[in-house]
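Below are the chains, spelled out letter by letter.
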Amino acid sequence: MTGTRPSTSEVRWARREELAGLVAVELAADGLFARVGITFPPGSTMIEGAGDPSRVLVAGEPPIGFALFGTVDGQVHLDQLAVHPDHGRRGAGGRLVEALCAHAAATGHTAVTLTTYRDVPWNAPWYARRGFSVLDAGRWGPELSELVRHERELGIEVAPRVVMRRTV
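Reading guide: rules and limits
Residues numbered from 1 in each chain as written. Predicted model: local features only at pLDDT ≥ 70, side-chain atom pairs only at ≥ 80, totals over all residues. Heavy atoms only, no water. Helix = DSSP H or I, 4+ residues; strand = E, 2+ residues; numbered from the N terminus. Buried < 20%, exposed > 50% of the residue type's maximum accessible area, 1.4 Å probe, protein only. Contact = heavy atoms within 4.5 Å. Phe/Tyr/Trp six-rings, centres within 6.5 Å; stacked < 30°, edge-to-face > 60°. Core = buried A, V, L, I, M, F, W, Y, C linked by side-chain atoms within 4.5 Å.

Looking at unusual backbone geometry
Across the junction of E61 and P62, the peptide omega takes the value 0 degrees, indicating a cis bond. Position of P62 among the secondary structure elements: in the loop between β2 (56-61) and β3 (65-72). For D73, which is not glycine, the phi dihedral falls at a positive 55 degrees. Structurally, D73 is set in the loop between β3 and β4 (75-83). Of the residues examined, D73 reaches a relative accessible area of 27% and is grouped as partly exposed. For R89, which is not glycine, the phi torsion reads 65 degrees and is therefore positive. Mapped onto the elements of the fold, R89 is located in the loop between β4 and α2 (92-106).

In structure tokens, the structure reads:
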């Protein structure tokens, strides 16, 4: 009865009414970090601040993962990638990243940037396998530098972080 199972492979634009439900996806995904000793400072989730579904790609119907993005220094910047752990390790995150990179290229951008944990296996090493490389601080633009400073101020840098970039 495959018709009764939710689709988890489709990547599409989020609908406004789905944004609130993505909070649970982000919180569940963030819970995985406790396994490696990383806990986040209290406060709202990244997706709660989105407000605009044109900045959110989702995987699944209903959504089991999302990619929240904006622009930083004139390039697409992945603010948050989250897949619910119940649906992890099945390619949804990779499909979201590929869809975001395709969107970046289609809209005239030349790269996608992100900040992530250097030593967490499903962070920097995972992105490296998808074509991202560490971007040295000397190559950061002013907005990216400010973003990293702001993350540190918020207490997000509880473990070593890096900036990564992929040419599209």
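Examining the side chain of Q75
Take Q75: it is sitting in strand β4. Relative accessible area serves as the criterion here: at 18%, Q75 is assigned to the buried category. In this structure, Q75 is in contact with G70, H109, T110 and A111, ignoring residues within four places of it in sequence.

Observations regarding the environment of D86
Tracing the backbone shows D86 in the loop between β4 and α2. Along the chain, D86 and D73 lie 13 residues apart, while their C-alpha atoms are 35 Å from each other.

A closer look at the packing of aromatic side chains
All told, the structure shown has five aromatic pairs when counted by the stated rule. Here W13 and F69 contribute two aromatic rings whose centre-to-centre distance is 6.0 Å and whose plane-to-plane angle is 50 degrees, an arrangement assigned as tilted. In this pair, W13 is assigned in strand β1 (residues 7-13) and F69 in strand β3, connecting sequence segments 56 residues apart. Since its relative accessible area comes to 39%, W13 is described here as partly exposed. Ring centres 5.0 Å apart and planes at 85 degrees place the aromatic pair W126 and Y127 in the edge-to-face group.

Looking at the side chain of N123
With respect to the element layout, N123 can be found in the loop between β5 (111-117) and α3 (124-128). Classification of N123 by relative accessible area gives buried; the value is 8%. Residues in contact with N123, not counting those within four places in the same chain, are F33, T116 and Y117.

What about the nonpolar core?
Of all hydrophobic cores here, the largest spans 22 residues; its most connected members are L100, V112, Y127, F132 and M164. Of all the secondary-structure elements, those providing two or more residues to this core are β2, β3, β4, α2, β5, α3 and β7 (161-167). Looking at which element gives the most residues to this core, the answer is α2, with six residues. Setting aside residues no more than four positions away along its own chain, Y127 makes contact with L78, L81, V97, L114, T116, F132 and M164. In terms of nonpolar packing, the next biggest core, distinct from the first, is built from 13 residues, V25, I47, V58 and F66 among them.

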